[in-house]
Amino acid sequence: DQQVKQNSPSLSVQEGRISILNCDYTNSMFDYFLWYKKYPAEGPTFLISISSIKDKNEDGRFTVFLNKSAKHLSLHIVPSQPGDSAVYFCAASGGSGNTGKLIFGQGTTLQVKP
Amino acid sequence: EPEVTQTPSHQVTQMGQEVILRCVPISNHLYFYWYRQILGQKVEFLVSFYNNEISEKSEIFDDQFSVERPDGSNFTLKIRSTKLEDSAMYFCASRDLAGSSYNEQFFGPGTRLTVL
């Protein structure tokens, strides 16, 4: 049941450039979306989120865009830094009886080259 | 900064044995979760826990699994009779219910469970 999909398993960008990570979802009941960053042997670390009533949320170098009609969101990192190299997970929550459970995508491995 | 902690970091067990994975959520959080990630796969929801009872569980969370909050600080996941396919990273998470960040879950570092 692939309700949240990240179709690019990996992405490589040059330091200083923009990184764009994409995520698609199928469940129109989702009303909250989050991005997590994960290093090996660590738990996911919350990065940024967006409510379905917004189409953009910005926090420093990180911006998340939500296109509800396309059921698509993206994470922009500008400028990218080598320390941003990690696995990035998109996650969604919502629906009736929402307990806040997160449905995760498969993850995209970002490599930022110096 | 408050954080979720988990013990042990790595647990090795024989198939059929019981294991208990422990978590200490962030102290003022009220919602607790377990997720797992099989190697190379996505992070999967197992169970959510609120007000001392399970509020939702996935198909993975069958009768072999149970959760408990034995005191005011710990949150445990028990697997009664482990199978080879239970080998995975298990993550505990917690969530506050107040403030603008109420949807955000904070994850522990995980316990790597290896079933032999």
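The written sequence of each chain sets the order in which its residues are numbered from 1. For this description, chains carry letters from A and ligands carry numbers from 1, given in the order in which they are written. Totals for whole chains, interfaces and linings use all residues, but because this is a predicted model, local features are given only for residues with pLDDT of at least 70 and pairs of side-chain atoms are given and counted only at 80 or more. For side-chain calculations, the full set of non-hydrogen atoms in the structure is used, while hydrogens and water are omitted.

### Let's talk about unusual backbone geometry
The condition is simple: Numbering of helices and strands starts at the N terminus; helices are DSSP runs of H or I of at least 4 residues and strands are runs of E of at least 2. Each residue is placed in one exposure class: buried if its accessible area under a 1.4 Å probe, protein chains only, is under 20% of its type's maximum, exposed if it is over 50%, and partly exposed if it falls in between.
For the bond running from Val78(A) to Pro79(A), omega is -10°, close enough to zero to count as cis. Mapped onto the secondary structure, Pro79(A) falls in the loop between strand 8 (72-77) and strand 9 (86-94). A cis amide bond links Thr7(B) with the next residue in sequence, Pro8(B), at an omega value of -10°. Structurally, Pro8(B) can be placed in the loop between strand 1 (5-7) and strand 2 (10-13). Of note, Asn51(B) is a non-glycine position whose phi angle comes to about 55°, a positive value. By the element assignment, Asn51(B) lies in the loop between strand 5 (43-50) and strand 6 (53-57). A residue is classified by how much of its surface remains accessible, and Asn51(B), at 62% relative accessible area, is exposed.

### Notes on the pattern of salt bridges
For the record, the criterion: The term salt bridge refers to a side-chain nitrogen of Lys or Arg lying within 4 Å of a carboxyl oxygen of Asp or Glu.
Tallying each qualifying case throughout the model produces four salt bridges over all chains. Residues Glu58(A) and Lys56(A) are paired through a salt bridge, measuring 4.0 Å at the closest nitrogen-oxygen approach. A salt bridge links Arg36(B) to Glu44(B); the shortest N-O distance between them is 3.3 Å. Classification of Arg36(B) by relative accessible area gives buried; the value is 9%. A residue is classified by how much of its surface remains accessible, and Glu44(B), at 23% relative accessible area, is partly exposed.

### Examining the state of the cysteines
In protein chemistry, a disulfide is the covalent bond that joins the sulfur atoms of two cysteines. All names here are of chain A. Going by this rule: A pair of sulfur atoms, both from cysteines and within 2.5 Å, is called a disulfide here.
According to the stated counting rule, one finds two disulfides over all chains in the structure shown. One disulfide in the model links Cys 23 with Cys 90; its S-S distance is 2.0 Å. Torsion about the S-S bond of the Cys 23 and Cys 90 cystine: about -70°, corresponding to left-handed handedness. One end of the pair, Cys 23, is in strand 3 (residues 19-25); the other, Cys 90, is in strand 9, and 67 residues separate them in sequence.

Limitation: the analysis is restricted to geometry and does not speak to function.
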